[in-house]
Amino acid sequence: EIKFYSTVGRSFRIPTFTELYYESPANMGNPNLKPEESWFYETGLAWTKKAISGKLSLFHRQGFNLIDWVRAASDDPWEAMNIAEVKTNGFEASVKLFPEMIVDNFPVSHVSLNYAFLKSDKNISDLESKFVLNYLKHQLQVQIKHKLYYKIEPVWNLRYEDRLGGDKHFLVDLRIKRKFKAMELYIETTNLFNTSY
């Protein structure tokens, strides 16, 4: 019922054409960019019982030569550069519940709760960064799947997101689907309540 796991990985990303060669009054590409590199470490626990499962994990990512658009002053154009280093630490926790495995014909078939926390530090001296530290510090997600008539299943996805810098918002997505023998049809809407963010 309980599993312990550990992962180590290495990845890289080559610069895009835009990052290498794009030029405009506001942005300047850089043909001397190097590929991004990173090491990723994760460890965690996962458990499963009849109607419930969960996971808890800790992770660390060490990125080198990460590509970002930076500038020294607010009136300078953004320039693509390899920044020295970004360290990201975080943890993730999730729980899934299947009520219909406990109570027959229960209208809710699946409920999941996921939470993730991230903290990043970068070392690029006094340059202003456009993207690298624009990440979600906290994310809480709840998904609920239930049944309606004629095998129609609405799937609600509720998300609370707290981005670094104070932008917080709550989003609701909805997918209504119906399974057939060899296919599934669905209609989906994102940001159901038109939240600005």
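Residues numbered from 1 in each chain as written. Predicted model: local features only at pLDDT ≥ 70, side-chain atom pairs only at ≥ 80, totals over all residues. Heavy atoms only, no water.

Peer 1: Looking at this model, I keep getting lost on the overall build of the protein. Mind explaining?
Peer 2: Scanning the protein from terminus to terminus reveals one helix and 11 strands. The order of α-helices and β-strands along the protein, N terminus first, is β-α-β-β-β-β-β-β-β-β-β-β. What you see for the protein is a C-alpha radius of gyration of 22 Å, clearly larger than the 16 Å of a compact globule of 197 residues, by over 25%. Burial statistics for the protein: of 197 residues in total, 27% are counted as buried. Total accessible area on the protein stands at roughly 13,100 Å², and carbon and sulfur atoms take up 58% of it. Of the charged side chains in the protein, 26 are positive and 24 negative, and the gap between their average positions amounts to 10 Å. (Helix = DSSP H or I, 4+ residues; strand = E, 2+ residues; numbered from the N terminus. Rg over C-alpha atoms; globule rule 2.2 N^0.38 Å. Buried < 20%, exposed > 50% of the residue type's maximum accessible area, 1.4 Å probe, protein only. Areas by Shrake-Rupley, 256 points an atom, 1.4 Å probe, with all protein chains shown as cover. Lys, Arg positive; Asp, Glu negative; His and termini not counted. Charge placed at Lys NZ, Arg CZ, Asp CG, Glu CD.)

Peer 1: Mind showing me how you'd approach the nonpolar core here?
Peer 2: Membership of the largest hydrophobic core is limited to six residues, which are Leu20, Leu33, Ile67, Trp69, Trp78 and Ala80. Contributing elements (two or more residues each) for this core: β4 (52–71) and β5 (78–97). (Core = buried A, V, L, I, M, F, W, Y, C linked by side-chain atoms within 4.5 Å.)

Peer 1: Just checking my understanding: could you explain the packing of aromatic side chains for this structure?
Peer 2: Two numbers describe a pair of aromatic rings. These are the distance of the centres and the angle of the planes. Under the definition given, this model contains four aromatic pairs. Look at Phe91 and Phe117: their rings are 6.0 Å apart centre to centre, the planes differ by 35°, and that puts the pair in the tilted class. Here Phe91, found in strand β5, pairs with Phe117, found in strand β6 (residues 108–123); they are 26 residues apart in sequence, far enough to count as distant. Residue Phe91 is classed as partly exposed on the basis of its relative accessible area of 29%. Aromatic ring contacts, followed pair by pair, group Phe91, Tyr115 and Phe117 into a single cluster. Here the guanidinium or amino end of Arg175 rests over the ring plane of Tyr186, the centre of that ring lying 3.8 Å away. (Phe/Tyr/Trp six-rings, centres within 6.5 Å; stacked < 30°, edge-to-face > 60°. Lys NZ or Arg CZ within 6 Å of the ring centre and 35° of its normal.)

Peer 1: So what exactly am I meant to see when it comes to the pairing of strand β8 (residues 136–146) here?
Peer 2: Consecutive side chains of a regular strand alternate in pointing toward one face of the sheet and then the other. As paired elements, β8 and strand β9 (residues 152–163) share nine bridges and run antiparallel to each other. Paired with Gln139 across the strands is Glu161, a residue of β9. Hairpin connection from β8 to β9: five residues lie between these consecutive antiparallel strands, with Tyr150 at a positive phi of about 60°. (Pairing = 2+ DSSP bridges.)

Peer 1: Is there a simple way to explain the side chain of Glu36 in this structure?
Peer 2: Position of Glu36 relative to the elements: it lies in strand β3 (residues 36–48). Taking relative accessible area as the criterion, Glu36 reaches 12% and is therefore assigned buried. Of note is the side chain of Glu36, whose polar atom sits 2.7 Å from the backbone nitrogen of Ile67. With residues up to four places along the chain from it excluded, the contact list for Glu36 reads Ser11, Phe12, Arg13, Phe64, Asn65, Leu66 and Ile67. (Polar contact = N/O pair within 3.5 Å; in protein donor to acceptor, adjacent residues only side chain to side chain. Contact = heavy atoms within 4.5 Å.)

Peer 1: Help me understand the pattern of salt bridges, please; the structure alone is not making it clear to me.
Peer 2: Side chains that differ in sign of charge can pair as their charged atoms come close. One pass over the structure, following the stated rule, counts 11 salt bridges. With a shortest N-O distance of 2.6 Å, Glu37 and Arg10 are connected by a salt bridge. Taken as a pair, Glu37 in strand β3 and Arg10 in strand β1 (residues 2–13) lie far apart in primary sequence, 27 residues in all. Assessed through its relative accessible area of 30%, Glu37 is described here as partly exposed. Residue Lys177 is joined to Glu184 by a salt bridge in which the shortest nitrogen-to-oxygen separation is 3.9 Å. Take Lys177: its relative accessible area is 12%, and that puts it in the buried class. Residue Glu184 is classed as partly exposed on the basis of its relative accessible area of 31%. (Salt bridge = Lys/Arg side-chain N within 4 Å of Asp/Glu carboxyl O.)

Peer 1: For this particular structure, what's the right way to read the environment of Phe91?
Peer 2: Spatially, the C-alpha atom of Phe91 lies 30 Å from that of Lys34, the residues being 57 residues apart in sequence. Sequence-distant contacts of Phe91, defined by excluding residues within four places in its chain, comprise Ser57, Leu58, Phe59, Tyr115, Ala116 and Phe117.

Peer 1: I'm lost on the pairing of strand β11 (residues 184–189) in this one. Help?
Peer 2: The pairing of strand β10 (residues 168–179) with β11 spans six bridges and is classified as antiparallel. Residue Ile176 lies in a different strand from β11, and its bridge partner there is Ile187. Between β10 and the antiparallel strand that follows it, β11, lie four residues.

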